[in-house]
Amino acid sequence: MNKKILVTGGTGYIGSHTAVELQNCGYEVLIVDNLANSNENIVSQIEKITGIRPGFTQLDLCDRQATLDYFQKHSDISGVIHFAAYKAVGESTEKPLMYYQNNLGSLTNMMEAMASIGCKHLVFSSSCTVYGQPAELPVSEKAPVKKAMSPYGNTKQISEEIIFDQCLAGNLEAISLRYFNPIGAHETALIGELPIGVPNNLVPFITQTAIGKREMLQVFGDDYNTPDGTCIRDYIHVVDLAKAHIVALERLSGENNLERFEIFNLGTGIGYSVLDIILTFEGVNGVKLNYRIAPRRPGDVEKVWADTTKANEVLGWKAELGLEAMLRSAWKWEKFLQNKEI
Ligand code: UD1
């Protein structure tokens, strides 16, 4: 069996962790990335962890001809895990066209190139943002997709529709994985999240505040309808998340694939508030965080956590690592970054 897998956006946060897990499972990994939001040195970091250097090509999937040429050159790719995309919610509201052109253009070029070599298996990186504020919690895959709150969220919704149509046309079998909130880093602290500039997401902001790069963490709102008033999310360890991609690939190449396009929620099924995260971070790492309550952040949903039954039962995948492991690994990674340039 051919086990050559292309990971687009493979030097990014979730992509790099997935490349490691793929190699651990014996897959040959090729990475393409335009390095818009990541660093080529991550390829060496992956090699340090696994002992194997993945193939790397700097490629912008928005370049249609270069993408077609790449796939012709690697016509034995048996499956693609597609991470390459812009992901900053705020930026997407300021530069919507940049998000639509990049996130959708790269996807359609890539699927055209897949079809040109007869590669039919795609795992797509989607987001729980498609549910908005769900009427029922925990939220299952059957919940309706709500009007997106940002161009970023909209690109995820439209991408799923494009992939669905390509599956209907008989050209593709795909699994879309809707991530809840991925946090943490690899246990070796050799790879992790590398935000450029001021982080938007909670955990990188916490670790940067704890290490002294940021003066103070703002907790966006404490007047929500939740037990402590702060927003609730389903945080999932990035390594657990990475492992789900391998299971999804295996499902696509197995005999038991019943539908051409399937969607799975990836979370732990447990919701934690912002204050839960802060207190647990302080507790497990023995550090004090400078934080204050600030006004709500526009566009934030109040609470969301996953019904993971479908992923548990159909994929046979379950998140194994708890919040303490997530926050310990995130801190270990921040300390690694303090001592080393990546
Ligand atoms: C959102 C999307 C997610 C998307 C991600 C991309 C939802 C439910 N989630 O994540 O699908 O992939 O953006 O970036 O739409 N917070 C603070 N202070 C901070 C930063 C965050 O209090 O400095 C709070 C937020 O208000 C929120 C929680 O921490 O309640 C998590 O925020 P963040 O890490 O940015 O993720 P989401 O907004 O949930």
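Reading the values: rules and limits
- Residue numbers here run from 1 along each chain, matching the order of that chain's written sequence.
- Per-residue local features are limited, in this predicted model, to residues with pLDDT of at least 70; the limit for side-chain atom pairs, both in listing and counting, is 80 or more; totals at the level of whole chains, interfaces and linings are taken over all residues.
- Based on all heavy atoms of the structure, the side-chain values leave hydrogens and waters out of the count.
- Following DSSP output, two strands are said to pair if at least two bridges run between them.
- Put simply, DSSP H or I for four residues or longer makes a helix, DSSP E for two residues or longer makes a strand, and each gets a number counted from the N terminus.
- Every axis corresponds to a line fitted to the C-alpha atoms, with the helix fit spanning only the stretch in contact, and the corresponding angles, defined between N-to-C directions, vary from 0 to 180 degrees.
- Every residue pair with non-hydrogen atoms within 4.5 Å of one another is taken to be in contact.
- What is meant by a nonpolar core is a set of buried Ala, Val, Leu, Ile, Met, Phe, Trp, Tyr and Cys residues, joined one to another through side-chain atoms within 4.5 Å.
- Three labels apply to residues, based on accessible area from a 1.4 Å probe with only protein chains included: buried if under 20% of the type maximum, exposed if over 50%, partly exposed otherwise in between.
- Any Lys or Arg side-chain nitrogen located within 4 Å of an Asp or Glu carboxyl oxygen qualifies as a salt bridge.
- Whether a residue is near a molecule or strand depends on its heavy atoms: it is near if one of them lies within 4 Å of it.
- Contacts described as polar in this section are N or O atom pairs within 3.5 Å, which, within protein, must combine one atom able to donate a hydrogen with one able to accept it, while residues neighboring in sequence count only if both atoms come from side chains.
- The accessible surface values rely on the Shrake-Rupley method and a 1.4 Å probe; as for residues, cover is taken only from the protein chains in view.
- Residue polarity follows a fixed list, in which Ala, Val, Leu, Ile, Met, Phe, Trp, Tyr, Cys and Pro are nonpolar, Asp, Glu, Lys and Arg are charged, and the others, Gly among them, are polar.
- Left-handed describes a crossing whose near helix is turned anticlockwise from the far helix through less than a right angle; right-handed describes the clockwise counterpart.
- Helix span, expected: 1.5 Å multiplied by one less than the number of residues in the helix.
- Seen with its strands pointing away from the viewer, a crossover is right-handed if its path from the first strand over the helix to the second goes clockwise.

Q: A description of the sheet that holds strand β11 (residues 261-266) should follow, citing residues and the corresponding values.
A: Pairing is parallel in the open sheet, where seven strands are placed in the order β3-β2-β1-β4-β5-β6-β11. Every interior strand has two partners, whereas the edge strands, β3 (55-58) and β11, have only one. Adjacent strand axes in the sheet meet at a mean angle of 20°, parallel and antiparallel pairs treated alike. On top of the sheet, helix α6 (residues 151-168) reaches β5 (121-127), β6 (173-179) and β11; it is set at about 155° to β5, its chief contact.

Q: Pulling in residues and values, what's your account of the environment of Leu 68?
A: Within the secondary structure layout, Leu 68 lies in helix α3 (residues 64-73). Sequence separation of Leu 68 and Ala 113 is 45 residues, and the distance between their C-alpha atoms is 4.9 Å. Aside from chain neighbours lying at most four places away, what touches Leu 68 is Glu 112, Ala 113 and Ser 116.

Q: For the nonpolar core, give the residues involved together with the corresponding values.
A: If you look at the biggest cluster of nonpolar residues, it comprises 41 residues, and the most contacted ones within it are Leu 22, Leu 177, Leu 266 and Trp 317. Residue contributions to this core peak at eight residues, all from helix α8 (residues 238-253). Apart from the residues within four sequence positions on either side, Leu 266 is in contact with Leu 177, Arg 178, Tyr 179, Phe 180, Ile 236, Leu 241, Ala 244, Ala 311 and Trp 317. Among the nonpolar cores identified, the runner-up in size contains 25 residues, and Leu 68, Met 111, Ala 113 and Cys 167 belong to it.

Q: Mind laying out the pattern of salt bridges, listing which residues take part and the relevant values?
A: Per the stated rule, a full pass over the model turns up 14 salt bridges. Lys 288 is paired through a salt bridge with Glu 282; the nearest N and O atoms lie 3.6 Å apart. By relative accessible area, Lys 288 is classed as exposed at 70%. In this structure Glu 282 comes out as buried when scored by relative accessible area, which is 10%. Glu 302 is paired through a salt bridge with Lys 303; the nearest N and O atoms lie 3.7 Å apart. Within the structure, one salt-bridge network assembled from shared partners comprises Lys 4, Glu 28 and Asp 76.

Q: Quick rundown of the site of the ligand? Include the residues and the values.
A: Within the structure, the ligand sits among 22 residues, and Ser 127, Leu 202, Gln 218, Arg 233 and Asp 300 are positioned closest to it. Within the side chain of Ser 127, an N or O atom sits 2.4 Å from an oxygen atom of the ligand. One of the side-chain nitrogen or oxygen atoms of Asp 300 is found 2.5 Å away from an oxygen atom of the ligand. When isolated, the ligand has an accessible area of 740 Å², and the protein chains bury 90% of it. Taken together, the residues of the shell around the ligand break down into twelve nonpolar, six polar and four charged.

Q: Talk me through the packing of helix α1 (residues 13-24) against helix α2 (residues 41-50); I want residue IDs and the actual numbers.
A: Taken N-terminus to C-terminus, the directions of α1 and α2 make an angle of 35°; their axes are 10 Å apart at the nearest point. Between α1 and α2 the crossing geometry is right-handed. The segment α1 lies against α2, with Ser 16, Ala 19, Val 20, Gln 23 and Asn 24 engaging Ile 42, Ile 46, Ile 49 and Thr 50. Classifying every residue of the contact of α1 with α2 gives five nonpolar, four polar and no charged.

Q: Break down helix α11 (residues 323-339) for me, citing the residues and quoting the values.
A: With 17 residues, α11 should reach 24 Å at 1.5 Å per residue; the first-to-last C-alpha distance of 25 Å fits that figure. For α11, the full list of buried residues reads Leu 323, Met 326, Leu 327, Ser 329, Ala 330, Trp 331, Trp 333, Glu 334, Phe 336 and Leu 337.

Q: Give a description of the pairing of β3 that names residues and reports values.
A: Looking at chain direction, strand β2 (residues 28-33) and β3 are connected through four bridges and run parallel. Bridge pairing in β3 places Ile 31 opposite Phe 56. Once the chain exits β2 it traverses α2 before rejoining the sheet at β3, and the crossover so formed is right-handed.

Q: Describe unusual backbone geometry, naming the residues involved and giving the relevant values.
A: A cis amide bond links Leu 137 to the next residue, Pro 138, at an omega of -5°. Looking at where Pro 138 falls in the secondary structure, it is placed in the loop between β5 and α6. Phi at Leu 35 is positive, roughly 60°, even though this residue is not glycine. Here Leu 35 shows up in the loop between β2 and α2. Judged by its relative accessible area of 19%, Leu 35 falls in the buried class. Phi at Ala 189 is positive, roughly 60°, even though this residue is not glycine. Of note, Ala 189 is situated in the loop between β7 (181-183) and α7 (202-211). Judged by relative accessible area, Ala 189 falls into the buried class, the value being 3%.

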